[in-house]
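Each chain is listed here by its residues.
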Amino acid sequence: MIEDDAMFGKALVRGLGQNGMTVDWIRDGSDGLAALTRAEHAAALLDIGLPEMSGFEILKAMRSSRRMPPILIITARDHVEDIVAGLDLGADDYLIKPFDLRTLLARIRAVVRRTNARTSALMTSKDIALNPSTYVATFRDVEATLSAREFSVLYALMEHPGTILSRSQIEMRIYGWGEEIQSNAVDVVIHGLRKKFGKDMIHNIRGAGWVVIKGES
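This report concerns the structure included in the present document. Nothing here was measured: the structure is a model prediction, and the numbers come from that model.

Let's shift gears to the sheet that holds strand E7 (residues 142–145). Taking strand neighbours across the sheet as the criterion, the four strands line up as E4-E5-E6-E7 in an open arrangement whose pairing is antiparallel. Two strands close off the open sheet at either side, each with one partner strand: strand E4 (123–125) and E7. Each adjacent strand pair in this sheet contributes to an overall mean axis angle of 10 degrees, direction not counted. Bridge count for strand E6 (residues 136–139) against E7 is four bridges, and the pairing is antiparallel. Bridging across to E7, Ala-137 finds its partner in Ala-144. Sheet strands touched by helix H6 (residues 148–159): E4, strand E5 (128–131) and E6. Its angle to E5, the strand with the most contacts, is close to 120 degrees. Sheet strands touched by helix H8 (residues 185–197): E6 and E7. Its angle to E7, the strand with the most contacts, is close to 135 degrees.

Now the structure itself:
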């Protein structure tokens with residue numbers, strides 16, 4: 001979320017967090033662009049009137065980037081010209097402030113769903129299958145829908161099967177910037193996954209991290 005209004009931003013972070021989402025909250029345009037280019041996000045909420053760099057300038061800079069997530073503009077500007085400009089620059093949707101949190105959640109789900117339908121195929125490795133569009137994972141004969149944090153952890157591991165991910169690498173996936181990190185958070189999430197699917201799903205490499213086995217499904 002790239003938003004400079006402190007009160008509005010704080011309320012959104014709280015509301016989205018209560019609905020299972022991890023939020024990176026950036027408060028100016030230049031840092032927002034850096035965050036979008038350095039890390040992968042499921043979606044971006046973008047204000048237009050930002051310090052340092054406007055939302056329109058961010059859209060122009062991101063237009064050719066392969067890292068560009070689905071972008072939902074959130075702004076008080078309600079002129080048709082601004083709406084058209086934002087959409088023409090590559091935004092996926094546009095929401096005028098003030099809005100109801102339920103409306104925002106529905107719009108986020110919609111833009112993520114559309115993007116997943118275009119770009120996300122079923123991820124498979126060995127006996128594991130993960131559907132990014134539905135958060136449903138299958139391991140051998142067990143199938144379950146994952147929580148947001150369980151999905152984030154398994155998705156990170158499935159992106160690089162056979163590669164050990166350290167605790168800090170996984171923590172980056174389940175915590176927003178500036179959010180206080182609980183010391184045993186990764187262990188709790190992975191314990192939950194192994195309890196659902198069996199301990200062979202994710203392997204612990206003592207002193208190094210965790211890995212899923214690479215191989216054909």
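Text resumes after the structure shown.
Sheet topology note: the strand E2 (residues 71–75)/strand E3 (residues 93–96) ladder contains four bridges and is parallel. Across the sheet, Ile-73 pairs through a bridge with Tyr-94, a residue of E3. Once you follow E2 into helix H4 (residues 80–88) and on to E3, the crossover reads as right-handed.

Tallied over the entire structure, the rule returns eight salt bridges. Close ionic contact of Arg-140 with Asp-200 constitutes a salt bridge, the shortest N to O distance being 3.6 Å. With Arg-140 in the loop between E6 and E7 and Asp-200 in the loop between H8 and strand E8 (203–205), the pair connects residues that are 60 residues apart, well separated along the chain. Using a relative accessible area of 39% as the deciding quantity, one classes Asp-200 as partly exposed. Here Arg-167 ties to Asp-187 by a salt bridge, and the two come within 2.5 Å at their closest N and O atoms. Within this pair, whereas Arg-167 is found in helix H7 (residues 167–174), its partner Asp-187 is found in helix H8, the two being separated by 20 residues in sequence. A network of salt bridges, in which partner residues are shared, links Glu-3, Asp-47 and Lys-97.

With that settled, consider the packing of aromatic side chains. Given two aromatic rings, one states the distance between the centres and the angle between the planes to describe the pair. Under the definition given, this model contains three aromatic pairs. Seen from their ring centres, Phe-8 and Phe-99 are 5.7 Å apart, and the 85 degrees between their planes marks the pair as edge-to-face. Separated by 91 residues along the polypeptide, Phe-8 in helix H1 (residues 6–18) and Phe-99 in the loop between E3 and helix H5 (101–119) bring together distant segments of the chain. The exposure class assigned to Phe-99 is buried, which follows from its relative accessible area of 18%. Of the aromatic side chains, those joined through ring pairs into one cluster are Tyr-135, Phe-151 and Tyr-155. For the cation-ring pair, Lys-97 lies above Phe-8, with the distance from its terminal atom to the ring centre recorded as 4.5 Å.

Spatial ordering of the open sheet is given by E1-E2-E3, a layout of three strands whose pairing is parallel. Lying at the two open borders of the sheet, with one neighbouring strand each, are strand E1 (44–46) and E3. In this sheet, neighbouring strand axes are inclined to one another by 25 degrees on average, regardless of whether the strands run parallel or antiparallel. Strand direction decides the pairing type here: E1 and E2, joined by three bridges, are parallel. In the strand pairing of E2, Leu-45 is matched with Leu-72.

Rules and cut-offs
- Residues numbered from 1 in each chain as written.
- Predicted model: local features only at pLDDT ≥ 70, side-chain atom pairs only at ≥ 80, totals over all residues.
- Heavy atoms only, no water.
- Pairing = 2+ DSSP bridges.
- Helix = DSSP H or I, 4+ residues; strand = E, 2+ residues; numbered from the N terminus.
- Axes fitted to C-alpha atoms, helices over the stretch in contact; angles between N-to-C directions.
- Contact = heavy atoms within 4.5 Å.
- Right-handed = clockwise from strand over helix to strand, strands pointing away.
- Salt bridge = Lys/Arg side-chain N within 4 Å of Asp/Glu carboxyl O.
- Buried < 20%, exposed > 50% of the residue type's maximum accessible area, 1.4 Å probe, protein only.
- Phe/Tyr/Trp six-rings, centres within 6.5 Å; stacked < 30°, edge-to-face > 60°.
- Lys NZ or Arg CZ within 6 Å of the ring centre and 35° of its normal.

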